[in-house]
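# Survey of secondary and tertiary structure
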There are 8 protein chains.
Amino acid sequence: MTGSLRTRLIAGTLSGLAVMAGAFGAAPAEAAPAENGRAAQAVVQTGVLSADAALTIADAAMKEAAKQKQRVTVVIVDRSGAARLVLKGDGAGPQTEESARRKAFTAVSFGRTTSELGKGVTGGGPSIADIPGTLFLGGGVPVASEGAPIAGVGVGGAPSGDIDEAIAQAGLKAVAGRLR
Amino acid sequence: MTGSLRTRLIAGTLSGLAVMAGAFGAAPAEAAPAENGRAAQAVVQTGVLSADAALTIADAAMKEAAKQKQRVTVVIVDRSGAARLVLKGDGAGPQTEESARRKAFTAVSFGRTTSELGKGVTGGGPSIADIPGTLFLGGGVPVASEGAPIAGVGVGGAPSGDIDEAIAQAGLKAVAGRLR
Amino acid sequence: MTGSLRTRLIAGTLSGLAVMAGAFGAAPAEAAPAENGRAAQAVVQTGVLSADAALTIADAAMKEAAKQKQRVTVVIVDRSGAARLVLKGDGAGPQTEESARRKAFTAVSFGRTTSELGKGVTGGGPSIADIPGTLFLGGGVPVASEGAPIAGVGVGGAPSGDIDEAIAQAGLKAVAGRLR
Amino acid sequence: MTGSLRTRLIAGTLSGLAVMAGAFGAAPAEAAPAENGRAAQAVVQTGVLSADAALTIADAAMKEAAKQKQRVTVVIVDRSGAARLVLKGDGAGPQTEESARRKAFTAVSFGRTTSELGKGVTGGGPSIADIPGTLFLGGGVPVASEGAPIAGVGVGGAPSGDIDEAIAQAGLKAVAGRLR
Amino acid sequence: MTGSLRTRLIAGTLSGLAVMAGAFGAAPAEAAPAENGRAAQAVVQTGVLSADAALTIADAAMKEAAKQKQRVTVVIVDRSGAARLVLKGDGAGPQTEESARRKAFTAVSFGRTTSELGKGVTGGGPSIADIPGTLFLGGGVPVASEGAPIAGVGVGGAPSGDIDEAIAQAGLKAVAGRLR
Amino acid sequence: MTGSLRTRLIAGTLSGLAVMAGAFGAAPAEAAPAENGRAAQAVVQTGVLSADAALTIADAAMKEAAKQKQRVTVVIVDRSGAARLVLKGDGAGPQTEESARRKAFTAVSFGRTTSELGKGVTGGGPSIADIPGTLFLGGGVPVASEGAPIAGVGVGGAPSGDIDEAIAQAGLKAVAGRLR
Amino acid sequence: MTGSLRTRLIAGTLSGLAVMAGAFGAAPAEAAPAENGRAAQAVVQTGVLSADAALTIADAAMKEAAKQKQRVTVVIVDRSGAARLVLKGDGAGPQTEESARRKAFTAVSFGRTTSELGKGVTGGGPSIADIPGTLFLGGGVPVASEGAPIAGVGVGGAPSGDIDEAIAQAGLKAVAGRLR
Amino acid sequence: MTGSLRTRLIAGTLSGLAVMAGAFGAAPAEAAPAENGRAAQAVVQTGVLSADAALTIADAAMKEAAKQKQRVTVVIVDRSGAARLVLKGDGAGPQTEESARRKAFTAVSFGRTTSELGKGVTGGGPSIADIPGTLFLGGGVPVASEGAPIAGVGVGGAPSGDIDEAIAQAGLKAVAGRLR
């Protein structure tokens, strides 16, 4: 690797994520940082995925997993990183709760699927994969509302990240019409 | 203690908190559990304390602490339990971050001040003081908006819970007019 | 307290749990400890609550919570102590995940409701409440199959343990006919 | 590495594990995800390694270790990831408990030996080695019954993963005839 | 309680443990603190329970548990507090590993059975029960050699601490003749 | 207990600590909270116990322990709560590192000996003993300089808190002349 | 890579940091290790960032973040590694607290910006990136006083480390004139 | 890398450590695994570094650090992995306690210096660097007695692993004559 390329990569390790910033750049006014000083509104309204929607996602994801004969765990976390739902499927391995949780966490943190994000992580030097709580294997999908990520859905347990992601997407599809 | 009283206390350990439930019972419709099944809205709007308001609270609390010549730490957590702000004052003891954090956590969890809540904890048998992350010493104050707790302010470091609470209240007062 | 009574309590702190031991004493042969030495079967069949049943319980519990206008979290753990399901309701406090988890853990550990178990915990000296991961507030209910606890359902968030328990029982009732 | 190859690897990071999925694909009907909705059986029977078998495995492994003059620790975890047995041999290093535990956890999670699994982990980009609790050094062996992994045996302490695995296999051999 | 008694208890909270200090007072010379300054021997010989003895204890304890139809976990820790052996019996509850571990830790820390030690813990004010890692329920038994505790055996899972202790003692008895 | 007394205790749980606040009230100007707004000095000078003094304290404490034939661990933490020194004596129990660390932490947090502080902790309701990281058994002694606590010395392992404290005081005495 | 180069890198993994050692080599006499034995001063004066300065830094950083339309978290840790300030901005992701904290920790640990330090971490073999608590993505900046690092400012949440660092530098600039 | 070489590396990841196994192969009879079954001695004598020797090592290491004008932390752990001594030098960074601890842990675990061990860790695929608690930067040195590692000395804080190791070796040298 040439010196100048390396330098540029170090300086802007996450520059590949600029698209995401763009995607969510048009965020709702009420969530924007207060720019007018201390007289600003003290309470900002934030969209949160409902428990009912979380159940619907998990149910649909599990149905897809059954169809694909996969034994998986589904985890949904909200934008604060706290668990909204955990559902460990029949026969899912002991590693699946944590892998699903981290995929969900990663997706809601960066606002993109973990499979996309993983393409930018090469193992050569520092990367966002070093941030605690993250996991860049396929299977994590963000839930967006009004241009901002409000939750993450993570699935773990299938033998390939592609399948995990398909299951997560099936879950997300079940509520797609109800996310403004 | 008579047997029947004891039984009643065990059965309803938290009954002393009914007032709180009432206080926040008239919560906004958009945060209510979906009762009409899966066709309900998938996103609920939730009030969150702004970072600007958090800074304002911390600043005012620290000014009050300076006035009272106390060395304290201020912690503000949101309704998900995540830290919004931590500010360790000059000379504050090493135990103050965690004590302030837990007071804030407890206040936002139960929607009342920790000093009030502490009156119901007697040390004789199971109580809400056994719930992880809580602390029932004075100094924790809830921040409410539209009838629901949205954040907790915790202060630790003064030699009495009364003083810690006064400092937290001074902080809260600085944004009171801006909480709908 | 007289010396002899105290001594007896210390010696047999958990003697109040003898009823439970009786209740589950007639456990199925396949789960009994091998008494005939090393030629015994290497694999024992163990009943595990299905993911589908866990979802059914959570769904029913949440409906009951909505009916009672309570904001709660439901957690179901299996007999190994691992989470089977976590569902945080809309507006449930940040303390509810851990309190529900511990109630579920306690119920499946001792095979009785946490409200019953809590009656034996007085705060005077060592007790089972000192065991890590437990919580003896009302709201934890064991799920039994063939005379043995196979899972625990825990609910946290209502202002009284009685209500939490009623919600958990409503969940359990939804699968009662399907537990042999 | 060419772009298209890289993309394929990212998309299907775990595709090398497809063989495993096949190996355990013919899992017993009672552990399959419920496909017929909520009327399905609420309890599924699951095979669990008996404590007696765990002791037999540990004893045989330790005898093999003594024969090979190795100082090791043996850990056996069940399919929920919980420890079934830990035995630290005389003079085994302080790192051996955790390394053996993680090898056992990894083997039961993915249903293959850690030495096989490790061949697919190259350090270039995200991989299953990023999942918490795993370790891909030789010495972890799955215990299977009726086509599904029910436990993992992990050995740590020998100067090579080959030797650790041989010791684990010697342990497993002692109960091989008793696993249906 | 009278003031003076209270004061004395506070000042010498652990004075009830003086007997223990006596019991192990005649400790072997090689483990004594160096009193002659820096020219003393840099290596002290310390007795450690062998892995073989640990297995023998666990095996005998499990046989006793089977005889008493109890489902328990046995944990043995050495004088450094590290686990030497963990064996979770068939059907033992999820709380038993940690309760057994803490009983073993407590017994080897203070050189007495946890049932004896528990008599001195009343819940009124600070006590040794506040030290992390300890548990003062019956079922923990120290293993002594040449007048000093070298290991602790802990049993958890029976409905009474008396039974847990009897099982631990049965294990200890199996190696009693081999402890000098 | 009468209602009004109870109320007063709840309101001012830590009021017994007022003496301490007084003792350290005349703290040096450079550590005082900035009262004049944001133009204040950005760096405050803080006294820290030197590593050399920590070694001297530990050495003297260990010599006293040897004289009293006690097997103890000495821990010194600084005002930030971080460990400055840990020294585990020959034959000291596995619980001593953590008990000594917490005593040291408690002493530097509140600026008084743990034996004094423990007198105010009765086990009836919330108290400072609920703050994480603290331990109120005798053996913790603060190190003060210019009227403020700069470190804590904790000793654990003797059969009585009195003896632990005497050993800690012997250590402190060795540097007393060098603390301004 | 040639053998000799590899050897040199292993032997002196951190040699790239020599510049830093030089930069801070002329540290103030009062913080230097005691070279004259045990008669040295027992208390060393250490510069600590004031709470007021921490608030000023956070405020300025947040204003810069608003200007750049970034949603970030700011964390300031002192030289002991303890948090001095945490401020989570409106809409900042759940990963930002920990990433900002680790960047701050890394900057104050090594006395250089994380972007500079990251250039020396290549992912090929052991490096300082393996030290717990560190993170080598851009956004961490040391605060120095009298030639020594006294605090670290970390920012996380922007799509590039460059932007995070610019925000941190804007914060630092606000107190630059007040650091001697 | 050719396929066959890769396979061999995976199969025998730690084979480079065979020399160590040889070095400590002639371990004392009393620490050898019992080969003659259950009648073997239940207590094995194990050499442990004395507290006095630990203090001597730390003192000498700190003197060497002062001579080299380095600000370091020294940690000594015993063969069970438990801390024997921690001494944080004046001005040592917050990362040094954990880095020194892990170097000491690694050295006593594998019986070689961390600088030697680090040469075998390349970052390409699974390696012993994945074992929890380890760190393969220079500065960790084993303490051996009668052919077996009984403790590890770790130093952290110098800008190069070479210097850290030289300081650790200077400490070890101070007791070399007293290790049989």
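In the block above lies the structure referred to throughout.
Quick summary incoming for the structure in this document. Note that this is a predicted model, so its numbers are computed, not measured. (Residues numbered from 1 in each chain as written. Chains lettered and ligands numbered in written order. Predicted model: local features only at pLDDT ≥ 70, side-chain atom pairs only at ≥ 80, totals over all residues. Heavy atoms only, no water.)

## Details of the pattern of salt bridges
Enumeration according to the criterion identifies 64 salt bridges over all chains in this entry. Between Asp-90 of chain D and Arg-84 of chain E there is a salt bridge, and its shortest N-O distance comes to 2.9 Å. Taken as a pair, Asp-90 of chain D in the loop between β3 (83-88) and α4 (96-110) and Arg-84 of chain E in strand β3 (residues 83-88) lie in two separate chains rather than in one. You'll find Asp-90 of chain D and Arg-84 of chain E in the same group, each marked buried. Of the charged contacts in the structure, one is a salt bridge between Asp-59 of chain F and Lys-63 of chain F, with a shortest N-O distance of 3.3 Å. Highlighted residues: Asp-59 of chain F and Lys-63 of chain F, both in helix α3 (residues 51-67), separated by four residues, approximately one helical turn. According to the relative accessible area criterion, Asp-59 of chain F is buried, its value standing at 16%. (Salt bridge = Lys/Arg side-chain N within 4 Å of Asp/Glu carboxyl O. Helix = DSSP H or I, 4+ residues; strand = E, 2+ residues; numbered from the N terminus. Buried < 20%, exposed > 50% of the residue type's maximum accessible area, 1.4 Å probe, protein only.)

## As for the environment of Gln-169 of chain B
Residues and elements named next belong to chain B. Of note, Gln-169 is situated in helix α6 (residues 161-173). What makes Gln-169 partly exposed here is its relative accessible area of 32%. Each C-alpha atom of the pair Gln-169 and Ser-50 lies 18 Å from the other, and the pair is 119 residues apart in sequence. Beyond its immediate sequence surroundings of up to four residues, Gln-169 is in contact with Thr-113 and Val-141. (Contact = heavy atoms within 4.5 Å.)

## Re the sheet that holds strand β4 (residues 140-145) of chain H
Strand order in the open sheet made by the eight strands is β4(F)-β5(F)-β2(F)-β3(F)-β3(H)-β2(H)-β5(H)-β4(H), with antiparallel pairing throughout. What marks the edges here is a single partner per strand, and that holds for β4 (140-145) of chain F together with β4 of chain H. The average undirected angle you get between the axes of adjacent strands in this sheet is 15°. When strand β3 (residues 83-88) of chain F meets strand β3 (residues 83-88) of chain H, the two strands line up antiparallel, connected through three bridges. Opposite Leu-85 of chain F, over in β3 of chain H, you have Leu-87 of chain H as the bridge partner. Sitting on the sheet, helix α4 (residues 96-110) of chain F is in contact with β2 (73-78), β3, β4 and β5 (148-156) of chain F together with β3 of chain H, with an inclination near 155° to β5 of chain F. Those strands touched by helix α3 (residues 51-67) of chain H are β3 of chain F together with β2 (73-78), β3 and β5 (148-156) of chain H, and its axis lies near 25° from that of β3 of chain H. (Pairing = 2+ DSSP bridges. Axes fitted to C-alpha atoms, helices over the stretch in contact; angles between N-to-C directions.)

## A word on the side chain of Glu-64 of chain C
Here Glu-64 of chain C lies in helix α3 (residues 51-67). Sequence-distant contacts of Glu-64 of chain C, that is, excluding residues within four places in its chain, are made with Ala-166, Ile-167 and Ala-170 of chain C.

## Concerning the packing of aromatic side chains
Residue and element names in this part refer to chain C. Scanning all chains against the criterion turns up eight aromatic pairs over all chains. Ring centres of Phe-110 and Phe-136 lie 6.2 Å apart, and the angle between their planes is 40°; this geometry places the pair in the tilted category. Of the two residues, Phe-110 is situated in helix α4 (residues 96-110) and Phe-136 in the loop between α5 (114-118) and β4 (140-145); the sequence distance between them amounts to 26 residues. An identical accessibility class is assigned to Phe-110 and Phe-136; each is buried. (Phe/Tyr/Trp six-rings, centres within 6.5 Å; stacked < 30°, edge-to-face > 60°.)

## Brief notes about unusual backbone geometry
Even without a glycine there, the phi angle at Lys-69 of chain A is positive, about 55°. Inspection of the secondary structure puts Lys-69 of chain A in the loop between α3 (51-67) and β2 (73-78).

## Some thoughts on helix α6 (residues 161-173) of chain H
Residue and element names in this part refer to chain H. An ideal rise of 1.5 Å per residue puts 18 Å on 13 residues; α6 measures up with 18 Å between its terminal C-alpha atoms. Along α6, the positions that sit buried rather than exposed are Gly-161, Asp-164, Glu-165, Ile-167, Ala-168, Gly-171 and Leu-172. Buried residues of α6, seen end-on, are gathered within an arc of 160° and therefore sit on one face of the element. Where α6 begins, one side-chain oxygen reaches toward the backbone nitrogen of Asp-162, 2.9 Å away; that side chain belongs to Ser-160. (Expected span 1.5 Å × (residues − 1). Arc of directions from axis to C-beta. Polar contact = N/O pair within 3.5 Å; in protein donor to acceptor, adjacent residues only side chain to side chain.)

## Details of the pairing of strand β4 (residues 140-145) of chain D
All names here are of chain D. In terms of burial, β4 is largely enclosed, as five of its six residues are buried. In terms of strand pairing, β4 meets strand β5 (residues 148-156) through six bridges, oriented antiparallel. Bridging across to β5, Val-141 finds its partner in Val-153.

## Quick look at the sheet that holds strand β2 (residues 73-78) of chain E
Ordered by their spatial adjacency, eight strands build an open sheet running β4(D)-β5(D)-β2(D)-β3(D)-β3(E)-β2(E)-β5(E)-β4(E), and the pairing between neighbours is antiparallel. In the strand order of this sheet, the two ends are held by β4 of chain D together with β4 (140-145) of chain E, each with one partner. Sheet twist, expressed as the average angle between the axes of neighbouring strands with direction ignored, equals 15°. The sheet contact formed by strand β2 (residues 73-78) of chain D and β5 of chain D spans six bridges and is antiparallel. Within β5 of chain D, the residue paired with Val-74 of chain D across the bridge is Val-155 of chain D.

## Some words on the nonpolar core
Ranked by size, the top nonpolar core spans 58 residues in total, and within it Leu-49 and Ile-76 of chain D together with Leu-49 and Ile-76 of chain E carry the most contacts. Beyond its immediate chain neighbours, meaning those up to four positions away, Ile-76 of chain E contacts Leu-49, Ala-54, Ile-57, Ala-82, Ala-83, Arg-84, Leu-85, Ala-151, Gly-152 and Val-153 of chain E. (Core = buried A, V, L, I, M, F, W, Y, C linked by side-chain atoms within 4.5 Å.)

## Overview of the side chain of Ser-99 of chain A
Topologically, Ser-99 of chain A is positioned in helix α4 (residues 96-110). Excluding its chain neighbours within four sequence positions, the residues that come into contact with Ser-99 of chain A are Leu-135 and Gly-156 of chain A together with Ile-131 of chain D.

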